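# A look at the structure
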Amino acid sequence: MSLEEEDKFYGDAKKYWEGITPTVDGMLGGFAKISPTDINGSHAFLRPFLVVGGGKTETTRALDCGAGIGRITKRLLLPIFKTVDMVELNQKFLDEARSFIGEESSRVDKLFCSGLQDFTPKVGTYDVIWSQWVLGHLTDDHLLKFLKRCQSGLTANGILILKENISGQDREFDELDSSYTRTREELDKVISQSGLNILKCEKQKGFPKGLYDVYMYALQ
Ligand SMILES: C[S@@+](CC[C@H](N)C(=O)[O-])C[C@H]1O[C@@H](n2cnc3c(N)ncnc32)[C@H](O)[C@@H]1O
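Residues numbered from 1 in each chain as written. Predicted model: local features only at pLDDT ≥ 70, side-chain atom pairs only at ≥ 80, totals over all residues. Heavy atoms only, no water.

## Overview of the pairing of strand β5 (residues 154-166)
Within a regular beta strand, the side chains point alternately toward one face of the sheet and then the other, so they alternate between its two faces. What counts, and what does not: Strands are labelled as partners when DSSP assigns at least two bridges between them. Strands are runs of DSSP state E lasting at least 2 residues, helices are runs of H or I lasting at least 4, and numbering of each runs from the N terminus. Viewed with both strands pointing away, a crossover whose connecting path from the first strand over the helix to the second turns clockwise is right-handed.
With six bridges joining them, strand β4 (residues 126-132) and β5 adopt parallel strand pairing. Paired with Trp 130 across the strands is Ile 161, a residue of β5. Since β4 and β5 lie parallel, the crossover through helix α6 (residues 140-153) that links them has a hand, and here it is right-handed.

## Here we look at the packing of aromatic side chains
Rules: Only Phe, Tyr and Trp rings are paired, with Trp represented by its six-membered ring, and only when their centres lie within 6.5 Å; those with planes under 30 degrees apart are stacked, over 60 edge-to-face, the remainder tilted. The rule for a charge over a ring is simple: NZ of Lys or CZ of Arg within 6 Å of the ring centre, and within 35 degrees of the ring normal.
By the definition in use, this model includes nine aromatic pairs. Chaining the aromatic ring pairs together yields one cluster made of Phe 9, Tyr 10, Phe 173 and Tyr 180. When the ring centre of Phe 100 is taken as origin, the NZ or CZ atom of Lys 74, which lies over that ring, is 4.9 Å away. When the ring centre of Tyr 180 is taken as origin, the NZ or CZ atom of Arg 171, which lies over that ring, is 4.8 Å away.

## Observations concerning the site of the ligand
Defined as follows: Consider each residue's heavy atoms; a residue with any of them within 4 Å of a molecule or strand counts as near. Polar contacts here mean pairs of N or O atoms no more than 3.5 Å apart (in protein, one a potential hydrogen donor and the other a potential acceptor; neighbouring residues in sequence count only if both atoms are side-chain atoms). With residues, only the protein chains shown are counted as cover, and all accessible areas are computed by Shrake-Rupley using a 1.4 Å probe. When residues are sorted by character, Ala, Val, Leu, Ile, Met, Phe, Trp, Tyr, Cys and Pro go into the nonpolar class, Asp, Glu, Lys and Arg into the charged class, and all the rest, Gly among them, into the polar class.
Taken together, 20 residues lie around the ligand, and Gly 66, Arg 71, Glu 88, Leu 116 and Gln 132 are the ones closest in. Within the backbone of Leu 116, a nitrogen or oxygen atom sits 2.9 Å from a nitrogen atom of the ligand. Here the ligand loses 96% of its free accessible area of 590 Å² to cover by the protein chains. Of the residues belonging to the shell around the ligand, the class tally is 10 nonpolar, eight polar and two charged.

Structural data, given as structure tokens:
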């Protein structure tokens, strides 16, 4: 991708998200109703890795990537982790986050307004880095580099979770929000290039027919 194409790729996505209302429906493209199923699936996937679920990962601090208004921070991460940080491209969503999250937002510490392509998690800081429905907004090169930076941002037993739409045969480009939907092979390849190991990979169950398959990856 040329620099001009890259500017357009990121610029179009920024514009798209600037036009979206700061609600759960806005975050999920009109599919707010799938949020409880999504959160339950995420919880079941994550729990066995945590000390509280018999695993090794502590629950001190998590990072929500492409956090939007904090749907995942509120419903999944704050009930588990002492402190949660959020990183999100669109300031308008971050402005809404504390009131959306409510009382528990006192345990949300840092709100970073940044594209993931420009963001570096602080080294050795996060027990869990959660990245959902956002990595299609990164170029292949930026995705690879971001995965590597996330690995450095994890604590000793920390894990990186990816939860993304997956396309069947070829990658698809969505002109509307300027994002890719990658195939499993492509995602597996970039993970392997990053040096991260796949601890577990599972398909989310229970979403309505007609949506993309959604896969969860636990990486270390
Ligand atoms: C489909 S929404 C998902 C929000 C949240 N992860 C959730 O599942 O509720 C995608 C989010 O990614 C943000 N985003 C888009 N491009 C981004 C980028 N390059 N870096 C960080 N966030 C980005 C959007 O502003 C939006 O909040």
